[in-house]
Amino acid sequence: MRNIRMVISYVGTSYHGFQTQPIGNTVQDILEQAIVVLTGENVNITASGRTDAGVHARGQVINFLTSSPIPVHRWALAINSRLPDDISVLRADEVPLDFHASYSAKRKTYRYSIDTNKFADVFERHYRFHYPMPLHLSEMRAALAKLVGQHDFTSFASQRSTKRTHVRTVIKARLDESEGKLDLFITGNGFLYNMVRIIVGTLLRVGVGKLTVDDVVRILAAQDRTKAGPTAMAHGLTLWEVEYDN
C-alpha cells in the first residue's frame, strides 16, 4: 500500500461541508468518487480538518491509502481531469504509511474575509462577509492580540463541541485592511468547532463599539459561549494553510 498526500483547494459554496454525511454532496464525496473512476478503488480520505457548509479551502490537506501504481507526479493532473471546476488538487506526494493529515498537522492558518464597503463587491460575494459598518480597527486589533497565546477557548467554541479539552494555542493573528476590505489571518496549533467564526463575530462587536478590549479579556476568562459574540457567516472563512514537520 502507498500513502498519498494531496493539497486541495475548493470553493465550498455548493457543498454541505468537507466530510461525508448522509445528505451527501460533500467535497470528500466528490474526491472519493474521482479516485474510484481513476483507480477502481474505494478509498477512505482523511483530511486535516472538517470545513462546514459554505466554508472554502486554499490549502486543505488529505491523505489516503492506495495500491494503485500511478506515479505520484501524475496524481494531481489525473484527479483534476475528473473533478468539477470548484475543486482542484494543487499537488500530490507520497508519504510514510503512518502519516495522518489531521494528527500529523502542527499548525493551521485560517483567513476570514469581510467587506465593509456600502455596496458588496459582486466578484467576492461568495468569499467575503458583507458588513457595511464603520469599524474601529485599532480596537479590534488590540482585542485580537489578547487571544494570542495558550488559553481555554470555551467561550469561542460551539456548544456542540465534543473535544475533551478546549485549550488551544493561537500562535499569531493579524487583521489586514485595504480599501474597505478586511482579512483576518489566524494561526494556531488547532481550532475548535466554529472558533474562528465566533472570534470574528466578537471582534465585529468590538469594532462597532458594543464591546471593549477589556470585555474580550473577560469573555475569554469566563469560559462561557453565551458571553461571546455571534458566529460569523460561513462563507467568509477559508482554510488557508496546514503545516507539517516535513
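Student: Would you mind showing me how to read the pairing of strand S3 (residues 56-66) here?
Tutor: Two faces, one strand: in a regular strand the side chains alternate between the faces of the sheet. The element S3 is largely enclosed, with a buried count of nine among its eleven residues. In the sheet, strand S1 (residues 2-10) pairs with S3 via eight bridges, with the strands oriented antiparallel. The residue of S3 that forms the bridge with Arg2 is Thr66. Two elements, strand S2 (residues 46-47) and S3, share two bridges in a ladder whose sense is antiparallel. Along S3, the bridge assignment pairs Thr46 with Asn63. Across two bridges, S3 lies against strand S10 (residues 237-243) in parallel orientation. By the bridge assignment, His56 is partnered in S10 with Thr238.

Student: Teacher, can you tell me more about the nonpolar core here?
Tutor: Soluble globular proteins tend to pack their nonpolar side chains together in the buried interior. The biggest cluster of nonpolar side chains holds 71 residues, and the ones touching the most others in it are Met6, Leu31, Ile62, Phe64, Ile87 and Phe156. If one sorts the elements of this core by residue count, helix H4 (residues 195-207) sits on top with eight residues.

Student: What is the right way to read the side chain of Thr66 from this model?
Tutor: Examined against the element boundaries, Thr66 turns out to sit in strand S3. Thr66 sits in the buried class, given a relative accessible area of 0%. At 2.4 Å, the side chain of Thr66 and the side chain of Glu41 are in polar contact.

Student: I'm lost on the environment of Gly180 in this one. Help?
Tutor: Note that Gly180 resides in the loop between strand S8 (167-178) and strand S9 (181-188). Its relative accessible area of 12% is what places Gly180 among the buried residues. Distance in space between the C-alpha atoms of Gly180 and Asn117 is 5.4 Å, their sequence separation being 63 residues. Apart from the residues lying within four places of it in its own chain, the contact partners of Gly180 are Ile114, Asp115, Thr116 and Asn117.

Student: Hey, could you run me through the packing of helix H3 (residues 137-145) against H4 in this one?
Tutor: A pair of packed helices can be characterised by two numbers: the angle between their axes and the separation between those axes. The geometry of H3 relative to H4 is characterised by a closest axis approach of 8 Å and an angle of 140 degrees between their N-to-C directions. Between H3 and H4, the angle is such that the two are oblique. In this structure, the crossing between H3 and H4 has a hand that is right-handed. Contacts from Glu139, Met140, Ala143 and Leu144 in H3 reach Ile199, Leu203, Leu204, Val206 and Gly207 in H4. Residue composition of the contact of H3 with H4, grouped by class: seven nonpolar, one polar and one charged.

Student: What exactly am I supposed to notice about the packing of aromatic side chains here?
Tutor: Ring pairs (aromatic) are described by centroid distance and by the angle formed between their planes. Summed over all chains, the structure comprises seven aromatic pairs. When the ring of Phe185 is compared with that of Trp240, the centres are 5.5 Å apart and the planes differ by 75 degrees; the resulting orientation is edge-to-face. Of the two residues, Phe185 is situated in strand S9 and Trp240 in strand S10; the sequence distance between them amounts to 55 residues. Just above the ring of Tyr244 sits the side chain of Arg5; from NZ or CZ to the centre is 5.7 Å. The positively charged end of Arg58 is found above the aromatic ring belonging to Trp240, 4.4 Å away from the centroid.

Student: I'm lost on the layout of surface pockets in this one. Help?
Tutor: Leftover empty space is mapped by rolling, across the atoms, a probe with the size of a water molecule. If you add up the space inside the largest pocket, you get close to 1200 Å³. Surrounding the largest pocket, 38 residues form its lining, Gly49, Arg50, Lys108, Lys163 and Phe191 being those nearest its centre. Of all the secondary-structure elements, those providing two or more residues to the lining of the largest pocket are S2, strand S5 (107-115) and H4. Among the elements that line the lining of the largest pocket, the one with the most residues is H4, at three residues. Classifying every residue of the lining of the largest pocket by side-chain character gives 14 nonpolar, 17 polar and seven charged. The volume enclosed by the second largest pocket comes to roughly 280 Å³. Among the elements of the structure, S1, S3, strand S4 (87-95) and S10 are those that each provide at least two residues to the lining of the second largest pocket.

Student: Honestly, H4 in this entry has me stumped. Any pointers?
Tutor: In an α-helix, one turn spans 3.6 residues; hence positions three or four apart end up facing the same way. Over its 13 residues, H4 extends 18 Å from the first C-alpha to the last, a length consistent with the 18 Å expected when each residue adds 1.5 Å. Where burial is concerned, most of H4 is hidden: twelve out of the 13 residues are buried. Of the positions making up H4, those classed as buried are Met195, Val196, Arg197, Ile198, Ile199, Val200, Gly201, Thr202, Leu203, Leu204, Val206 and Gly207. Where H4 terminates, the next one or two residues include Gly209, which has phi positive at roughly 90 degrees.

Definitions and limits used
Residues numbered from 1 in each chain as written. Predicted model: local features only at pLDDT ≥ 70, side-chain atom pairs only at ≥ 80, totals over all residues. Heavy atoms only, no water. Buried < 20%, exposed > 50% of the residue type's maximum accessible area, 1.4 Å probe, protein only. Helix = DSSP H or I, 4+ residues; strand = E, 2+ residues; numbered from the N terminus. Pairing = 2+ DSSP bridges. Core = buried A, V, L, I, M, F, W, Y, C linked by side-chain atoms within 4.5 Å. Polar contact = N/O pair within 3.5 Å; in protein donor to acceptor, adjacent residues only side chain to side chain. Contact = heavy atoms within 4.5 Å. Axes fitted to C-alpha atoms, helices over the stretch in contact; angles between N-to-C directions. Parallel < 35°, antiparallel > 145°, perpendicular 65-115°, else oblique. Left-handed = near helix turned anticlockwise from the far one by under 90°. Nonpolar A, V, L, I, M, F, W, Y, C, P; charged D, E, K, R; others polar. Phe/Tyr/Trp six-rings, centres within 6.5 Å; stacked < 30°, edge-to-face > 60°. Lys NZ or Arg CZ within 6 Å of the ring centre and 35° of its normal. 1 Å grid on protein atoms, 1.4 Å probe; cavity = no way out; pocket = protein on both sides within 12 Å on 5 of 7 lines; lining within 4 Å. Points joined across faces, edges and corners; volume = space filled by probe spheres on them. Expected span 1.5 Å × (residues − 1).

Everything listed here is a matter of coordinates, which is why it stays silent on function.
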